[in-house]
Amino acid sequence: EKGVGVARGRGKANGVAQHNGDGGDPVTLFEVVKLGKSAMQSVVDEWIESYKQDRDLALLDLINFFIQCSGCKGTVRIEMFRNMQNAEIIRKMTEEFDEDSGDYPLTMPGPLWKKFRYNFCEFISVLIRQCQYSIIYDEYMMDTVISLLTGLSDSQVRAFRHTSTLAAMKLMTALVNVALNLSIHQDNTQRQYEAERNKIAGKRANDKLELLLQKRKELQENQDEIENMMNSIFKGIFVHRYRDAIAEIRAICIEEIGVWMKMYSDAFLNDSYLKYVGWTLHDRQGEVRLKCLKALQNLYTNRELFPKLELFTNRFKDRIVSMTLDKEYDVAVEAIRLVTLILQGSEDALSNEDCENVYHLVYSAHRPVAVAAGEFLHRKLFSRHDPQAEEALAKRRGRSSPNGNLIRMLVLFFLESELHEHAAYLVDSLWESSQELLKDWECMTELLTEEPVQGEEVLSDRQESALIELMVCTIRQAAEAHPPVGRGTGKRVLTAKERKTQIDDKNKLTEHFIMTLPMLLSKYQADSEKVANLLQIPQFFDLDVYSAGRMEKHLDALLKQIRLVVEKHIEMDVLEACSKTYSILCSEEYTIMNRVDIARSQLIDEMTDRFAHSVEGLLQEAEEADDDDIYNVLSTLKRLTAFHNAHDLTRWDLFGNCYRLLKAGIEQGSMPEQIAVQALQCSHYSVLWQLVKITEGAPSKDDLVALRRVVKSFLAVCQQCLSNVNTPVKEQAFMLLCDLLMIFSHQLVTGGRDGLQPLVFNPDMTLQNELLNFVLDHVFVDQDDESQSMEGDEEDEANKIEALHKRRNLLAAFCKLIIFDIVDMHAAADIFKHYMKYYNDYGDIIKETLSKTRQTDKILCAKTLILSLQQLFNELLQDQGPNLDRTSSHVSGIKELARRFALTFGLDQIKTREAVATLHKDGIEFAFKFQNPRGPEFPPINLAFLEVLSEFSSKLIRQDKKTVHSYLEKFMSESMSERREDVWLPLISYRNSLLTGGDEDHMSVTSGSSSKAGSVRSKKGRPPVHKKRIEGEEPGSSVEGSWMLRNDTLQTPGALQTPQLTSTVLRENRPAEHISFLKGDNVMPKIRETHHFIINEERGLMEDDAEPIFEDVMMSSRGQLEDMNEEFEDTMVIDLPPSRNRRERAELRPDFFDSAAMIEDESGFSMPMF
């Protein structure tokens, strides 16, 4: 027995790790690295000491370390190490590999294993660093390790392949570092030698020259040895594993080659190695593409490397730009960042088309992509090339900010992108990179309010509108400090620094716009679009500044401008903006509330007086009213409606005059539609504000009676308006009816509000039918029918979308009444029957309605479903008569709808048992409801409906199929069961659906009783076999037991997952002549001399490995490298760049990116690279 690593408490008998008696200390290299309690430096030092004592035992410990890191429980013994070839050892370990355990340390979750992976990589790095001056050149340790890792990397066991590839790539990285150090030492030695040799003869030290020559020779030999090792790893492992079937293995290779190229660019940053990264940009797995991009980012960050990357950039630039649209958002983000680095390195590298492909991504809904694109846009367009010159120019022009030209450029970009509804997205994208520019509100207001000076162009009307819109978006972003709606998952908690920045920004914008906003409103008060945007600004103010800064005069100026805007405009978006601004300024928490309330009350007083007089005049003149009378009523009513939305105007009693207008319109039938629409809306707001007052206080009986009278009269008016000739009036009345019925439904008294019972309204059947008919007439219409009724030759696509949106709102409003049991559920039958025909337009709404109604009452919902099918069937009978063509598309459509309805019942047959049985009962009764007038020998008129009903038979459990069949037989005469003519086929097929399939249905209820059988995979990888039913078990026994079984133990067997990085097939014994990695002192020369160690990729043995790795490997000449030959790749040899003391190499390496380049191997096979 030889003791190894005494300091670590490890011992080996026959080369097998043994535990100490106390069982507490780690005894193997694997355990020491896993626990990570010792510094890696000391772990490596102890291993080196053991290697010096007995290198076989030390290497055995290292070999077992790699084997155990793969999750293999087998152990390599000393006699195996000394007497068996690597291939035989690996085959033996493969046989002992327990694939089903799923234990693979390098990919297991948890902090312990994450730390282990880090320790694993660090151990290899430290090992080479500590051995770099002696042990790695002994032609034994490195040969043995490289041979083992190369053999393992060729294994069909994924864990072996993954572990050995990771170890080999980290080993290669460490060797590259050693080679770099050797190169530096060589250059230093050469300089010392030349300096000494150039001394005059009397001062020259010949002994020192001899020593320097000897040192230079030794360093040269060491570098040659390192080159051989790196060649062995690169050609033996990398060139095969960079296109492994497992994405993680490919990612490891690409990540490390990026490290080599950055670490030792003189040797590795050339076309011979860059081609691997370029090819892998086409990998199908996002994680591999991501590693490629990050590797390239590390290279493009260093501007000194750009000349070496020029050819690569030209060849693969198009691919990199296209990856900005990658389906994996992480990949797209990194691609944009890489394109940005390319832009920084060379302005000419990207064409205008390339830049435009990135520009539009600032409007992406995915924020990281948009922010990365914003950084690119900032670098390309908004970064000032000469800030001092621009500041000087701004001062000469009398501007306080030098950002004027950049803001103009931003406006032009926004206008050219033609996405005016997405200004908030553009601002958010640029917020992190161009925040200083976007917060330059002084410059923005200067451009808007001041006249252009000499040399400046005048902003056009479109540019001013765009600038105002962008300015408002920057204000919102600064004040709210979170992305706009649609970007991000919601508001996150701000850090203390972010919170302070938000407060400072809010103070800054408040102080600026308190003074400038009245001027902006004054200048643009006639432009509704600009004014509507500008009036959004006060909602982001810190209103305490008005009183704290003694700025009440600016408040008065603002209120004056808002009043002028209200008097000048009747556009609803402008009026609503004014109303909202008043509402914000009237907040009770601010001291300015009284001043604003007085101004608001004065404005409302004037408008209500004007409204009352104009209504009187309109009603008196009636049909003789001219356009001025109508305009006076409509303009004032619009203003009051907009204000009534956000303000309680009940003390002005607007309901009375609005009600008079509506009644007059109903009685005379001549009220302009816009007045009727606004009157309905204003009355609705009045009713809601009265309800708010009552619910917030303690209402008296008189208050309740008065409000009930108002609601009742308003509901009656809305119901009468449903028959109005003007569609907008009908639609408005319908929406208000649905809303009011929802608000004043039985839910009003929930939560202890029983006193509001007098306000509850339940719609009678007449109103329900009117609402339903309105939906059928105005929602379920074809787009073509509607477009014909619209004026104009062509209907714009936007108008179509808007019309569809309106119809969806109408349908949703009515469906809510059904869901909340305000309208009888049977009314839903007329909705459900349109599910298939209008699936694209309303499928989601109808499906959700069906789901919610089923939750309310399963049986009633099932009755409604069968009723909808019966209605369709009756309509078909009316069209085609009693002799239906059962092969027609109409019948097939009803059957398809039934099939869709059946799918909505789900898989749990026990929960839906009673509902499905009721559905069949109603269907059977309907089929036999009317006898054929020609006599009993002819089938009932509705018998063909059974063919539709059979679509639901699969949802019956076996016991209920018998019950339903018995119920069916009650309606059948003896002669019916014997008929076989075509007209009786629906009955025959329905009976068969009830009599057959019992076994399968029974399995659907009782199978899966053993969850273990469905979850444990057999050694051969066969899918689990369901247990057969116990013989002698009665099919119908214990229905309750079946229910219990289903609820408690039924599990749907999931798809079996292959354990990660493992294989179910062992490789066959390969002939000895194909195994070149032999243990011994002469391994490295053999590696250098032979090309027979090429790994035979037997990917057909594994399902995952059989798939091609790249969808499109090359950028051009498609398919030329579909069968890329590994022998071609092995012709490339790592050749480190010569130091100044090394001879110049005459041979030139071929340009692998040249489309004319041809690489020939020994067999004469030639292959064009592109």
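Note that residues are indexed from 1 along each chain, following the sequence as it is written. Local features in this predicted model are restricted to residues whose pLDDT is 70 or higher, and side-chain atom pairs enter the listing and the counts only when it is 80 or higher, whereas totals over whole chains, interfaces and linings include all residues. With hydrogens and water set aside, each side-chain value is computed from the structure's full complement of heavy atoms.

## Some words on the overall build of the protein chain
For step 1, the next point in the chain: Secondary structure counts use DSSP, requiring at least four H or I residues in a row for a helix and at least two E residues in a row for a strand, with both numbered from the N terminus. Within the protein chain, the secondary structure is distributed over 50 helices and four strands.
For step 2, the next point in the chain: Taken across its 1170 residues, the protein chain has 50% of its residues classed as buried.
For step 3, the next point in the chain: Whether two residues are in contact is decided by their heavy atoms: any pair within 4.5 Å suffices. In the protein chain, 76% of the contacts between residues at least 6 apart in sequence involve partners at least 24 apart.
For step 4, the next point in the chain: Accessibility throughout is a Shrake-Rupley quantity obtained with a 1.4 Å probe, and a residue counts as covered only by protein chains that appear here. Carbon together with sulfur atoms contributes 48% to the accessible area of the protein chain, which is approximately 56,300 Å² in total. Partly exposed describes any residue whose relative accessible area lies between the buried limit of under 20% and the exposed limit of over 50%, with all areas from a 1.4 Å probe on protein chains only and scaled to the type maximum.

## Examining the packing of helix α44 (residues 958-971) against helix α46 (residues 985-995)
For step 1, the next point in the chain: Lines are fitted to the C-alpha atoms to define the axes, a helix being fitted only along its stretch in contact, and any angle between axes, read from their N-to-C directions, falls within 0 to 180 degrees. Taken N-terminus to C-terminus, the directions of α44 and α46 make an angle of 150°; their axes are 8 Å apart at the nearest point. Relative to α46, α44 is oriented roughly antiparallel. Contact residues: K961, V964, H965, L968 and E969 in α44; L987, Y990, R991, S993, L994 and L995 in α46.
For step 2, the next point in the chain: Residues belonging to the contact of α44 with α46 are distributed by class as follows: six nonpolar, two polar and three charged. We call two directions roughly parallel when the angle between them is under 35 degrees, roughly antiparallel when it is over 145, roughly perpendicular when it lies between 65 and 115, and oblique otherwise. Gly is put with the polar residues, along with every residue not named as nonpolar or charged; the nonpolar set is Ala, Val, Leu, Ile, Met, Phe, Trp, Tyr, Cys and Pro, and the charged set is Asp, Glu, Lys and Arg.

## Some points on the UniProt feature "coiled-coil region" (unreviewed entry) in the protein chain
For step 1, the next point in the chain: In this numbering, the UniProt entry assigns the feature "coiled-coil region" (unreviewed entry) to residues 202-232.
For step 2, the next point in the chain: Between the C-alpha atoms that bound residues 202-232 there is a distance of 48 Å. The span itself is 87% helix and 0% strand. UniProt positions are given in the numbering used here, feature names are shortened, and annotations may be inferred rather than shown by experiment.

## Side note on the pattern of salt bridges
Side chains that differ in charge, positive against negative, can pair when their charged atoms come close.
For step 1, the next point in the chain: Take a side-chain nitrogen of Lys or Arg and a carboxyl oxygen of Asp or Glu: if they are within 4 Å of each other, that pair is a salt bridge. For the structure on display, the rule yields 37 salt bridges.
For step 2, the next point in the chain: One salt bridge connects K380 with E347, and the closest N-O pair in it is separated by 3.7 Å. Of this pair, K380 sits in helix α17 (residues 367-382) while E347 is found in the loop between α15 (329-345) and α16 (352-359), placing the two residues 33 residues apart along the sequence.
For step 3, the next point in the chain: K806 is paired through a salt bridge with E731; the nearest N and O atoms lie 3.7 Å apart. Taken as a pair, K806 in helix α37 (residues 797-819) and E731 in helix α34 (residues 727-743) lie far apart in primary sequence, 75 residues in all.
For step 4, the next point in the chain: Residue classification places K806 among the partly exposed positions, given a relative accessible area of 40%.
For step 5, the next point in the chain: Relative accessible area serves as the criterion here: at 16%, E731 is assigned to the buried category.

## Notes on the packing of aromatic side chains
For step 1, the next point in the chain: Any Phe, Tyr or Trp ring, taking Trp's six-membered ring, that has another such ring centre within 6.5 Å forms a pair; planes under 30 degrees apart are called stacked, those over 60 apart edge-to-face, and the others tilted. Within the structure shown, the criterion is met by 42 aromatic pairs.
For step 2, the next point in the chain: Between F65 and F120 the ring centres are 5.6 Å apart and the planes differ by 25°, which places this aromatic pair in the stacked class. Of the two residues, F65 sits in helix α3 (residues 55-69) while F120 sits in helix α6 (residues 111-131), which places them 55 residues apart along the sequence.
For step 3, the next point in the chain: Owing to a relative accessible area of 0%, F120 belongs among the buried residues under this scheme.
For step 4, the next point in the chain: Each ring, one from Y967 and one from F971, has its centre 5.2 Å from the other, and the planes form 65°; the classification is edge-to-face. With a gap of four residues between them, Y967 and F971 both fall in helix α44, about one helical turn apart.
For step 5, the next point in the chain: Chaining the aromatic ring pairs together yields one cluster made of F234, F238, Y242, W260, Y264, F268, Y273, Y276 and W279.
For step 6, the next point in the chain: Placement of a positive charge over a ring is assigned whenever Lys NZ or Arg CZ falls within 6 Å of the ring centre and within 35 degrees of the normal to the ring plane. Positioned above the aromatic ring of Y193 is the side chain of R216, whose terminal nitrogen or guanidinium carbon lies 5.1 Å from the ring centre.
For step 7, the next point in the chain: If you follow R854 out to its NZ or CZ, it ends over the ring of F905, 4.3 Å from the centre.

## Some words on a negative patch on the surface
For step 1, the next point in the chain: Residues form patches when they are more than 30% accessible in relative terms and have no salt bridge. Like charges link within 9 Å. Nonpolar side chains (Val, Leu, Ile, Met, Phe, Trp, Tyr) link within 5 Å. The sign given to each residue is positive for Lys and Arg and negative for Asp and Glu; His and the chain ends receive no count. Just so you know, the charge point we use is NZ for Lys, CZ for Arg, CG for Asp and CD for Glu. A surface patch of like charges, here negative, comprises E621, E623, E624, D626, D627 and D628.
For step 2, the next point in the chain: D627 gets classed as exposed once you look at its relative accessible area, which sits at 65%.

## Concerning the confidence of the model for the protein chain
For step 1, the next point in the chain: The predictor's confidence in any single residue is recorded as pLDDT, a number from 0 to 100. Here the protein chain averages 80 in pLDDT, while 79% of its residues score no lower than 70.
For step 2, the next point in the chain: The model gives residues 786-794 a pLDDT under 50, and that stretch makes four contacts with residues more than four places away or in other chains.
For step 3, the next point in the chain: Low pLDDT, under 50, characterises residues 1139-1170; the predicted model gives this stretch 81 contacts beyond four residues in sequence or across chains.

## Some details on the nonpolar core
For step 1, the next point in the chain: Buried Ala, Val, Leu, Ile, Met, Phe, Trp, Tyr and Cys residues that are joined via side-chain atoms within 4.5 Å together make up what is termed a nonpolar core. With 321 residues, the main nonpolar core has F123 and F814 as its most contacted residues.
For step 2, the next point in the chain: The element contributing the most residues to this core is helix α8 (residues 158-197), with 14 residues.

## Some details on helix α40 (residues 858-880)
Note that an α-helix has 3.6 residues per turn; residues three or four places apart therefore point the same way.
For step 1, the next point in the chain: Under the convention used throughout, the expected extent of a helix is 1.5 Å for every residue step, that is, one less than its residue count. Relative to the 33 Å expected for 23 residues at 1.5 Å per residue, α40 spans 33 Å between its end C-alpha atoms, a close match to the ideal helical length.
For step 2, the next point in the chain: Just downstream of α40 lies G881, where phi reads positive at about 85°.

## Observations regarding helix α23 (residues 461-480)
For step 1, the next point in the chain: When the terminal C-alpha atoms of α23 are compared, their 29 Å separation across 20 residues agrees well with the 28 Å that a helix rising 1.5 Å per residue should span.
For step 2, the next point in the chain: Most of α23 is tucked away: 17 of the 20 residues are buried.
For step 3, the next point in the chain: In the segment just after α23, A481 is the residue with positive phi, at about 60°.

## Comments concerning unusual backbone geometry
For step 1, the next point in the chain: Non-glycine residue D653 carries a positive phi angle of around 50°.
For step 2, the next point in the chain: Phi at D821 is positive, roughly 60°, even though this residue is not glycine.
For step 3, the next point in the chain: Along the chain, D821 falls in the loop between α37 and α38 (829-832).

## Details of the environment of E616
For step 1, the next point in the chain: Relative to the assigned elements, E616 resides in helix α29 (residues 593-621).
For step 2, the next point in the chain: In the structure, E616 is positioned 13 residues away from D629 in sequence and 10.0 Å away in space, judged by C-alpha atoms.
For step 3, the next point in the chain: Any N or O atom pair separated by 3.5 Å or less is treated as a polar contact, with the protein-specific requirement of one donor-capable and one acceptor-capable atom, and with residues adjacent in sequence counted only for side-chain atom pairs. Polar contacts involving the side chain of E616 include one to the side chain of R660, which spans 2.8 Å.

## Quick word on the packing of α17 against helix α20 (residues 423-430)
For step 1, the next point in the chain: Where α17 meets α20, the closest approach of the two axes is 7 Å, and the angle between their N-to-C directions is 75°. With respect to α20, the axis of α17 lies roughly perpendicular. Two secondary-structure elements touch here, α17 through R367, A370, V371, G374, L377, H378 and F382 and α20 through L426, D428, S429 and L430.
For step 2, the next point in the chain: For the contact of α17 with α20, a count of residues per class yields six nonpolar, three polar and two charged.

## Quick look at the side chain of T864
For step 1, the next point in the chain: Looking at the secondary structure, you find T864 in helix α40.
For step 2, the next point in the chain: Take T864: its relative accessible area is 2%, and that puts it in the buried class.
For step 3, the next point in the chain: Filtering out sequence-adjacent residues up to four positions away, T864 remains in contact with M825, H826, A828, A829 and F832.

## Observations concerning the environment of M263
For step 1, the next point in the chain: As for its placement among the helices and strands, M263 is situated in helix α10 (residues 247-263).
For step 2, the next point in the chain: Residue M263 is classed as partly exposed on the basis of its relative accessible area of 27%.
For step 3, the next point in the chain: The sequence separation of M263 and T173 amounts to 90 residues, and the corresponding C-alpha distance is 8.8 Å.
For step 4, the next point in the chain: Excluding residues that lie within four positions of it along the chain, M263 makes contacts with T173, V176, N177 and L180.

## Notes on the environment of I694
For step 1, the next point in the chain: With respect to the helices and strands, the residue I694 is situated in helix α32 (residues 673-696).
For step 2, the next point in the chain: Linking I694 and L707, residues 13 residues apart in sequence, is a C-alpha distance of 8.9 Å.
For step 3, the next point in the chain: The residues touching I694, leaving out its near neighbours within four places in the chain, are P699, D703, L704, L707 and L756.

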